[in-house]
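So you can see what is in the structure, the chains are spelled out below.
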Amino acid sequence: MSYSLSNQSLQYVVQEALRWEPQLQDTQFGVIANDGVITLTGVTDSYYKKMEAEKIAKNIAGVRALIERIAVVVQDDHQITDEEIGAKILSVYQSSFTIPDHKIKVTIENGWVTLEGKVHWNYQKHAAEDALYTIQGIRGISNLIETQTNRDSEIKKEFIEKALHDSALLHDSSIEVEVNNRRVTLSGHVNTLYEKEEAERLAWNAKGVIAVENALTLSTQIVNTHNYECK
């Protein structure tokens, strides 16, 4: 049965999804729903848990936008210095085959990490950030890394379409791809905010892309696939 969730029902579904995740069961997050816009609030002891909560909320049908106001507060007995965080980051980067650590500048201030530099591929930019999620002591990340593409590369529209079709997450989605002067436009419909972001990420992976316009819209009708019962 297809229908749109009320604010109360969507709030409940998001809350239950967060409670269901084992790694988040010791964390209390507040959830506010307003016409498909979800606001997450609360305090957690790691950046990883913060990002997991965001990912879970984005992957729920009916969530059209996300406002994230979760603070990362590390207990004094688990707090490490910026120098220690920096050493851990360098160690992670140096052991990675996908991160060009020599092209990335890392700045840390009171646990907040800023990444700068220029890489050839968008996946390298994301890998540089994703690799830091489990490092203890990080309070937040600003990813300012720029992507330098090969301007001589010809973008193959069919390659992007194949990547979207081959994605288990997007296989059944209705997504159209247009390429104009190395700029990619995505249009059509997807079910969740997470799917919308994943489609954009895959489009950025095409060699030669300098911009992606994500015009994907979220389906207004959703299918209730949860067994949660609002009480």
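Here is a short report on the structure shown in this document. On a predicted model such as this, the values are computed, not experimentally measured, just so you know. (Residues numbered from 1 in each chain as written. Predicted model: local features only at pLDDT ≥ 70, side-chain atom pairs only at ≥ 80, totals over all residues. Heavy atoms only, no water.)

Section: helix 1 (residues 7–20)
Alright, step 1. The end-to-end C-alpha distance of helix 1 is 20 Å, a good match for the 20 Å that 14 residues give at a rise of 1.5 Å each.
Alright, step 2. Among the residues of helix 1, those classed as buried are L10, V13, V14, E16, A17 and L18.
Alright, step 3. On its buried side, helix 1 packs onto strand 2 (29–34), strand 3 (37–44) and helix 2 (47–58). (Helix = DSSP H or I, 4+ residues; strand = E, 2+ residues; numbered from the N terminus. Expected span 1.5 Å × (residues − 1). Buried < 20%, exposed > 50% of the residue type's maximum accessible area, 1.4 Å probe, protein only. Contact = heavy atoms within 4.5 Å.)

Comments concerning unusual backbone geometry
Alright, step 1. Even without a glycine there, the phi angle at D35 is positive, about 55 degrees.
Alright, step 2. Tracing the chain through its elements places D35 in the loop between strand 2 and strand 3.
Alright, step 3. Overall, the relative accessible area of 62% leaves D35 in the exposed class.
Alright, step 4. Located in the positive-phi region is N181, a residue other than glycine, with phi close to 55 degrees.

Remarks on the pairing of strand 4 (residues 65–72)
Alright, step 1. Summarising the sheet, strand 3 and strand 4 pair through 8 bridges and their orientation is parallel. Residue pairing in the sheet places L40 in a bridge with E68 of strand 4.
Alright, step 2. The parallel pair strand 3 and strand 4, bridged by helix 2, forms a crossover whose chirality is right-handed. (Pairing = 2+ DSSP bridges. Right-handed = clockwise from strand over helix to strand, strands pointing away.)

Some remarks on the pattern of salt bridges
Alright, step 1. Taken as a whole and assessed by the stated rule, the structure comprises 10 salt bridges.
Alright, step 2. Residue E161 pairs with K157 through a salt bridge whose shortest N-O separation is 4.0 Å. Of this pair, E161 and K157 are both found in helix 5 (residues 157–166), 4 residues apart, which corresponds to roughly one turn of the helix.
Alright, step 3. Among the charged side chains, a network of salt bridges with common partners joins D26, D45 and K49. (Salt bridge = Lys/Arg side-chain N within 4 Å of Asp/Glu carboxyl O.)

Focus on the sheet that holds strand 3
Alright, step 1. Spatially, 3 strands are ordered 2-3-4 in an open sheet, and the strand pairing comes out mixed. The two strands at the open ends of the sheet, each matched to only one other strand, are strand 2 and strand 4. Strand-to-strand twist in this sheet, taken as the mean axis angle between neighbours without regard to direction, amounts to 10 degrees.
Alright, step 2. Its contacts with the sheet put helix 1 on strand 2 and strand 3, and the angle it makes with strand 2 is roughly 150 degrees.
Alright, step 3. Helix 2 rests against strand 2, strand 3 and strand 4 of the sheet, and its axis sits at about 165 degrees to strand 4. (Axes fitted to C-alpha atoms, helices over the stretch in contact; angles between N-to-C directions.)

Some points on the environment of L5
Alright, step 1. As for its placement among the helices and strands, L5 is situated in the loop between strand 1 (2–3) and helix 1.
Alright, step 2. Sequence spacing of L5 and G36 is 31 residues, and the spatial spacing of their C-alpha atoms is 8.4 Å.

Quick notes on the packing of aromatic side chains
Alright, step 1. Taken as a whole, this structure holds 2 aromatic pairs when the rule is applied.
Alright, step 2. Pairing Y47 with Y133 gives two aromatic rings, centres 5.6 Å apart and planes at 55 degrees, and the pair type is tilted. Note that Y47 is positioned in helix 2 and Y133 in the loop between helix 4 (122–130) and strand 7 (140–143), a separation of 86 residues in sequence. Y133 matches Y47 in its accessibility class, with the two residues each being buried.
Alright, step 3. Summarising the aromatic geometry, the rings of W121 and Y123 are spaced 6.2 Å apart at their centres and angled 40 degrees between planes, so their arrangement reads as tilted. (Phe/Tyr/Trp six-rings, centres within 6.5 Å; stacked < 30°, edge-to-face > 60°.)

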